[in-house]
Amino acid sequence: MEQLPEDWERGVVIVAHPDDIEYGAAAAVARWTRQGKDIRYVLASSGEAGIEGLAPAEAGPLREAEERAGATLVGVTEVEFLGYPDGRIEENLALRRDLAAAIRRHRPEMVVLFNFGDVWARGYANSADHRAVGRAGLDAVSDAGNEWIHPEIADIPAWSPRWAAVYGVADGSHAVDVTDTVEVAVGSLIAHHRYLEALSSDPVEDQARAVLEMTTGPKEGFAADRAVSFELYYFRG
Ligand SMILES: [Zn+2]
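Described in the following lines is the structure provided in the data block. (Residues numbered from 1 in each chain as written. Predicted model: local features only at pLDDT ≥ 70, side-chain atom pairs only at ≥ 80, totals over all residues. Heavy atoms only, no water.)

## Examining the overall build of the protein chain
Of the regular secondary structure elements, the protein chain holds seven helices and ten strands. For the protein chain, the C-alpha radius of gyration of 17 Å lies close to 18 Å, the compact-globule estimate for 237 residues. For the protein chain, the spread of C-alpha atoms along the three principal axes comes to 50 × 45 × 35 Å. The buried share of the protein chain, reckoned over its 237 residues, is 53%. For the protein chain, restricting intrachain contacts to residue pairs at least 6 apart in sequence, the fraction spanning at least 24 positions comes to 80%. (Helix = DSSP H or I, 4+ residues; strand = E, 2+ residues; numbered from the N terminus. Rg over C-alpha atoms; globule rule 2.2 N^0.38 Å. Buried < 20%, exposed > 50% of the residue type's maximum accessible area, 1.4 Å probe, protein only. Contact = heavy atoms within 4.5 Å.)

This is the structure we're talking about:
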C-alpha cells in the first residue's frame, strides 16, 4: 500500500450524509488541513431521515449543525448541503450534474468519495444513498472537465481534478498516516451526538472511539500506527 499523493492544495469531500466523513476520513482531513490544505465538504443530503423518533423537519437542521461542528474541529469551514432527499437519492444525470457543478465551483485537485460498492465488507450491505452518491461522484469528476455533457452548468468554467480517492473500502491502493489526528477525528464524530444517541445506548464517546478504532487501524504494508486507506483513481496530470 502506497502513500496517497499529498502534493495538492485543494480538496473536496463528497458524501451522501452528515457523519459519513466522520466515520474515518475526517482523520485524514485533519492531517491535510494541518498541512495548510483547503478542504471543503459537499453533502448530497442533510441526513434528515437518520434519527429514529425525530421528524425530518427537525432532524435535518440539527444534523447540518452537527456536521458543521464536526467539520470545524478538523479545520473545515466550508460545508455545502445540496438538499437531496435522505434515503431516496438516485444515481442519475441530475445528481451527476449537481456534483459536477460543485466540483467546478470548488476547483479541487483531489476529490474524496465514500465507498460506493455493494458491500462494506463481505456480508454487510452498503446503503442505496452511498452507492448513488459515490458512483455519480466519480462520474462527476470527469463530467466537471467536459464543457458539453451538462449544458445547464455551462456558465461555470470546466474544471478537471487530478485524482479521486475513495475511503471506507475493504483494502485500498493507498493510505494516509493519521496517527497524530485520530484524536481530533474522534471529536468530530462525537459532534454528531444527537445522531449517535439515537443509534445506541452506549456512551457517545465510546461509540466514536470504537468506530475510529475500526476505520483507522494499522494497514498491511503501510508503516503507520494508525492509517486511513483509499482506492485512488487518476484523472489528469
Ligand atoms: Zn451515510
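## Some points on the environment of Asn 92
With respect to the helices and strands, Asn 92 occurs in the loop between strand E4 (79-84) and helix H3 (93-106). It is 35 Å that separates the C-alpha atoms of Asn 92 and Asp 177, two residues lying 85 residues apart in sequence.

## Overview of the pattern of salt bridges
Following the criterion strictly, the structure yields ten salt bridges and no others. As a salt-bridge pair, Asp 38 and Arg 40 come within 2.8 Å of each other at their nearest N and O atoms. Taking relative accessible area as the criterion, Asp 38 reaches 28% and is therefore assigned partly exposed. (Salt bridge = Lys/Arg side-chain N within 4 Å of Asp/Glu carboxyl O.)

## Re H3
End to end, H3 covers 20 Å across 14 residues, agreeing with the expected 20 Å (1.5 Å per residue, within 8%). Taken as a whole, H3 has its buried residues at Leu 95, Leu 99, Ala 100, Ala 101, Ala 102, Ile 103, Arg 104 and His 106. For H3, the elements touching its buried residues are strand E2 (10-15), strand E3 (38-45), E4, strand E5 (110-114) and helix H4 (128-143). The backbone nitrogen of Ala 94 lies 3.2 Å from a side-chain oxygen of the residue at the head of H3, namely Asn 92. Phi turns positive one or two residues past the end of H3, at Arg 107, with a value near 50°. (Expected span 1.5 Å × (residues − 1). Polar contact = N/O pair within 3.5 Å; in protein donor to acceptor, adjacent residues only side chain to side chain.)

## Quick word on helix H2 (residues 56-73)
Taking 1.5 Å per residue as the helical rise, H2 with its 18 residues ought to reach 26 Å, and the 25 Å between its terminal C-alpha atoms agrees with that figure. Residues of H2 that are buried include every one of Ala 59, Gly 60, Arg 63, Glu 66, Glu 67, Gly 70 and Ala 71, and no others. Buried residues in H2, looked at end-on, bunch into an arc of 135°, giving them a common side. Facing away from the buried side of H2, by more than 90 degrees, are the exposed residues Ala 57, Glu 58 and Thr 72. Looking one or two places after H2, you find Gly 75, whose phi comes out positive at around 85°. (Arc of directions from axis to C-beta.)

## Considering the pairing of E3
Across the eight residues of E3, seven count as buried, placing the element largely inside the fold. With six bridges connecting them, E2 and E3 associate as parallel partners. If you follow Val 15 over to E3, its bridge partner there is Leu 43. Assessed by its sense of winding, the connection that carries the chain from E2 through helix H1 (residues 25-34) to E3 is right-handed. Where E3 meets E4, four bridges bridge the pair, whose relative direction is parallel. Each residue of the ladder has a partner; that of Tyr 41, found in E4, is Val 79. (Pairing = 2+ DSSP bridges. Right-handed = clockwise from strand over helix to strand, strands pointing away.)

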